[in-house]
Every structure is written in structure tokens, then in C-alpha cells.
Amino acid sequence: MNNELRLILAIQKNGRLADDSRVLLERCGIDLLKSKDQLVCKAQNFPLDVYFVRVNDIPTFVAAKVCHIGILGQNVLLDKQINSSNSQLDSIEAIMKLGFGRCRLSIAVPNSHDYQGLSDLQGKRIASSYRGILSQYLGKRGVSAEIVSMQGAVEIAPRMGMAEAICDLVSTGSTLAVNGLKEVEIVLESQSILIRNDTLNSVQEELLDRLMLRLNGLQAAKTRKYIMLHCPINKLEAIKAILPGSESPTILALQGLENLVAVHAVCDEGVFWNTMEDLKANGASSITVLPIEKMLD
């Protein structure tokens, strides 16, 4: 099939974001022929090809126009752009935050260190897999430190005498705790993002717009709930004022009940037990709250 009529996406083959990226595509209604050994597969019901590659190679694939778009962590893209002399990487645009793979790139020191601030790191050795981001962060704050480049097991560097501190990705902090380290500085808040290059033709731009529409629909549904209830007509305004983040609920007549109406609303904020209790206290009944899987505004 003509590649000019298809969109090409790069995602991580294995690792932290691989499964989440596949699930995201499935939730967008895109069916992939699943095979762990495949490097490339075609979607069955959307003009999309997916490349499964090492996460550090995703920016290179997108910059080199091998792929049009990619899913990766903000930390990976930023470090690649800082470290690389490839000017094509600067043309990559982050077009959407996807909300999964949240983590932070943080500096940690041994629990025994009485840390007082960044000045404590002056002249010290810091082990990290993110040399570019860390160097830029320290430089902007006037701290000169030796960065010890490591590609794994960064958290053992202080124990082995290789460094006095580390800079690594942190999600829960449990790995730091196990290794006797404490988080002292957040260098970067990161999450998964969708990136693109600037060479899409008109057909591919249209396909990307369709994909973005679906992604936005999923994002919108995350924070919204659908609520249905019965409401006395004379309490309608009070009930509408309680509904969280709902501007224009749908009001429906109930057959055979002159004093009651049905109220249906999409709420932009969480619907908690205290909200439901307030609704009931104001005369609402048959209150039902449902999750929203996807929606288009």
C-alpha cells in the first residue's frame, strides 16, 4: 500500500511505555496485528503503520522522516535534543501530553547526607543516565559538578564510591529507599508525549487530525462523569447549582410524574459522595453516576 496515504508511528518495543502505548491505540479503536517479534505492523482498521523500536531511537526515526509521529517520554526527547549535534532533532514538535508514564528526573543523595541545597553538590560527582538534562540544570544554577555517565543501576553509584549523588527517574521512590537514598531536587517533571516532524503531506495531516481527535476524546473522558437523577421541578435550579462543572444539563419530562423531571449531565469535575449527598438533601433521587469511556466535544 502507498505509504504516502498512511501515517507511520514509532513506539517503544519493550519497557515502561510499550504496553501503555499499545493500550492507548486500542482505546482509540485501532487494531494492531499483535506480535512481539515484529518490528513493523499495520493497523487493520486505520491507515497507520507502527514501528517498534528502542525508546532512545524514536526521536531519530521521527527526525529522519522514517516515521511521522512517535510516543515517548519528555525526558528522552529533551536529553536527546541537548546531547545530539543532529539539527533535525530541533524540528521535532511535541503536540500532545498523553498523561501516562508520569515520573520525575530527580537528584538523590544518601540518607546520611545533611543536604542543605544545590550548593552542596558543588565539585561533587553525580551519576546519571541523563547527562544533557542534568548538565543544563546545574549550569543554569551555577553549580559545577562532575557527571558520571551510567546507563543502568545508577542508584548503586554512591554505595560503590563512584559518586556522591545520583540523578535518575523516580516514580514511587521505592528504589531510592531500598538503596538508602533520598530525593532532594526535582530536575524535570516528565510524562509521555506525542511528537511529530514537519514533512506530513495533506493526507497524513488529515490522518493525524483524526488520531488527535480520538486522543482528545479519551483525554476529555478521563476527568468527566455522566450523572442522571430525578429532581422536583421546584428544586431544579438548586440541583443545577450543585452539579460539578455542568453548564447545560439536559432536562427531560417523566411520563406520569408532573412534579418530577429527569436531569442528565456531563460533569467536568469529580462526582464525590458528598456531592451526591448534597443532591439528595436538595430533593434529588435515583442518582446514578457513570464513567465516560470516550467523548467528542
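Below is a summary of the structure that appears in this document. Bear in mind that the values here come from a model prediction, so they are computed numbers and not experimental data.

What about the sheet that holds strand 11 (residues 192–196)?
For step 1, the next point in the chain: Pairing is mixed across the open sheet formed by six strands, whose spatial order is 2-3-1-4-11-5. Looking at strand neighbours, the two that pair on one side only are strand 2 (40–42) and strand 5 (93–97), the edges of this open sheet. Between one strand axis and the next, the sheet turns by 25° as a mean value, whatever way the strands run.
For step 2, the next point in the chain: The strands touched by helix 1 (residues 18–27) are strand 1 (7–12), strand 3 (48–53) and strand 4 (69–73); relative to strand 1, the strand with the most contacts, the crossing angle is about 145°.

Regarding the sheet that holds strand 13 (residues 250–254)
For step 1, the next point in the chain: Read from one edge to the other, the open sheet built from four strands follows the order 13-14-12-15, with strand pairing classed as antiparallel. Looking at the sheet topology across the chains shown, the edges are occupied by strand 13 and strand 15 (285–291). Ignoring strand direction, the axes of neighbouring strands in this sheet form an average angle of 20°.
For step 2, the next point in the chain: Summarising the sheet, strand 12 (residues 225–232) and strand 15 pair through five bridges and their orientation is antiparallel. What sits directly across from tyrosine 226, in strand 15, is leucine 290.
For step 3, the next point in the chain: On the sheet, helix 8 (residues 273–281) packs against strand 12 and strand 15 and is oriented at approximately 155° with respect to strand 15.

Regarding the layout of surface pockets
Empty space among the atoms becomes visible once a probe the size of a water molecule is rolled across them.
For step 1, the next point in the chain: Taken as a whole, the largest pocket spans an internal volume of roughly 540 Å³.
For step 2, the next point in the chain: Counting only elements with at least two residues in the lining of the largest pocket, the list comes to helix 3 (74–83) and strand 9 (165–170).
For step 3, the next point in the chain: The biggest single contributor to the lining of the largest pocket is helix 3, with five residues.
For step 4, the next point in the chain: Along the lines of polarity and charge, the residues of the lining of the largest pocket split into seven nonpolar, eight polar and six charged.

Quick look at the pairing of strand 3
For step 1, the next point in the chain: Where burial is concerned, most of strand 3 is hidden: five out of the six residues are buried.
For step 2, the next point in the chain: Judged from the three bridges that link them, strand 2 and strand 3 form a sheet pairing that is antiparallel. Among the inter-strand pairings, cysteine 41 is bridged to a residue of strand 3, identified as valine 50.
For step 3, the next point in the chain: Between strand 2 and strand 3, which follow one another and run antiparallel, lie five residues.

Structural notes on the nonpolar core
Soluble globular proteins tend to pack their nonpolar side chains together in the buried interior.
For step 1, the next point in the chain: The biggest cluster of nonpolar side chains holds 28 residues, and the ones touching the most others in it are Leu9, Ile30, Leu48, Val50 and Leu194.
For step 2, the next point in the chain: Looking at this core, the elements that each hand over two or more residues are strand 1, helix 1, strand 3, strand 4 and helix 6 (202–222).
For step 3, the next point in the chain: Among the elements that line this core, the one with the most residues is helix 6, at six residues.
For step 4, the next point in the chain: Those residues in contact with isoleucine 30, other than ones at most four positions away along the chain, are Leu25, Ala43, Asn45, Phe46, Leu48, Leu211 and Arg214.
For step 5, the next point in the chain: Residues Leu121, Cys167, Val187 and Leu188 belong to the second largest nonpolar core, which totals 18 residues.

Topic: empty space enclosed by the protein
For step 1, the next point in the chain: Per the stated rule, a full pass over the model turns up one cavity of 30 Å³ or more.
For step 2, the next point in the chain: Around the largest cavity, the lining residues are Leu9, Leu24, Leu25, Ile69, Ile71, Leu194, Leu211 and Leu215.
For step 3, the next point in the chain: Across the lining of the largest cavity, the residue classes tally to eight nonpolar, no polar and no charged.

Here's the deal with the packing of helix 3 against helix 4 (residues 131–140)
For step 1, the next point in the chain: Where helix 3 contacts helix 4, the axes come no closer than 7 Å and their chain directions differ by 75°. As the angle between them shows, helix 3 and helix 4 are arranged roughly perpendicular. Residue-level contacts link Asn75, Leu78, Asp79, Ile82 and Asn83 of helix 3 to Arg131, Gly132, Ile133 and Gln136 of helix 4.
For step 2, the next point in the chain: Here the contact of helix 3 with helix 4 is composed, by residue class, of three nonpolar, four polar and two charged.

Notes on the pairing of strand 6 (residues 103–110)
The two faces of the sheet receive side chains in turn, since in a regular strand these alternate between them.
For step 1, the next point in the chain: Of all the eight residues making up strand 6, six are buried; the element is thus mostly covered by neighbouring parts of the structure.
For step 2, the next point in the chain: As paired strands, strand 6 and strand 10 (residues 181–190) are joined by eight bridges and run antiparallel to one another. Among the inter-strand pairings, leucine 105 is bridged to a residue of strand 10, identified as leucine 188.
For step 3, the next point in the chain: With five bridges joining them, strand 6 and strand 9 adopt antiparallel strand pairing. The residue of strand 9 that forms the bridge with alanine 108 is isoleucine 166.

Regarding helix 6
Within an α-helix, residues lying three or four positions from one another point in the same direction, as the helix has 3.6 residues per turn.
For step 1, the next point in the chain: Its 21 residues place the ends of helix 6 31 Å apart at the C-alpha level, agreeing with the 30 Å of an ideal helix rising 1.5 Å per residue.
For step 2, the next point in the chain: Looking only at helix 6, the buried set comprises Gln204, Leu207, Leu208, Leu211, Met212, Leu215, Gly217, Leu218, Ala220 and Ala221.
For step 3, the next point in the chain: In this fold, the buried residues of helix 6 make contact with strand 1, helix 1, strand 4, strand 5 and strand 11.
For step 4, the next point in the chain: Sitting at the amino-terminal end of helix 6 is asparagine 201, which places a side-chain oxygen 3.0 Å from the backbone nitrogen of valine 203.

Considering the packing of aromatic side chains
For step 1, the next point in the chain: Tallied over the full model, the rule gives one aromatic pair.
For step 2, the next point in the chain: An angle of 70° between the planes, with centres 6.3 Å apart, marks the rings of tyrosine 51 and phenylalanine 61 as edge-to-face. Separated by ten residues along the polypeptide, tyrosine 51 in strand 3 and phenylalanine 61 in helix 2 (residues 58–63) bring together distant segments of the chain.
For step 3, the next point in the chain: Using a relative accessible area of 21% as the deciding quantity, one classes tyrosine 51 as partly exposed.
For step 4, the next point in the chain: Look at phenylalanine 61 and you get partly exposed, because its relative accessible area is 24%.

What counts and how
- Residues numbered from 1 in each chain as written.
- Predicted model: local features only at pLDDT ≥ 70, side-chain atom pairs only at ≥ 80, totals over all residues.
- Heavy atoms only, no water.
- Pairing = 2+ DSSP bridges.
- Helix = DSSP H or I, 4+ residues; strand = E, 2+ residues; numbered from the N terminus.
- Axes fitted to C-alpha atoms, helices over the stretch in contact; angles between N-to-C directions.
- Contact = heavy atoms within 4.5 Å.
- 1 Å grid on protein atoms, 1.4 Å probe; cavity = no way out; pocket = protein on both sides within 12 Å on 5 of 7 lines; lining within 4 Å.
- Points joined across faces, edges and corners; volume = space filled by probe spheres on them.
- Nonpolar A, V, L, I, M, F, W, Y, C, P; charged D, E, K, R; others polar.
- Buried < 20%, exposed > 50% of the residue type's maximum accessible area, 1.4 Å probe, protein only.
- Core = buried A, V, L, I, M, F, W, Y, C linked by side-chain atoms within 4.5 Å.
- Parallel < 35°, antiparallel > 145°, perpendicular 65-115°, else oblique.
- Expected span 1.5 Å × (residues − 1).
- Polar contact = N/O pair within 3.5 Å; in protein donor to acceptor, adjacent residues only side chain to side chain.
- Phe/Tyr/Trp six-rings, centres within 6.5 Å; stacked < 30°, edge-to-face > 60°.

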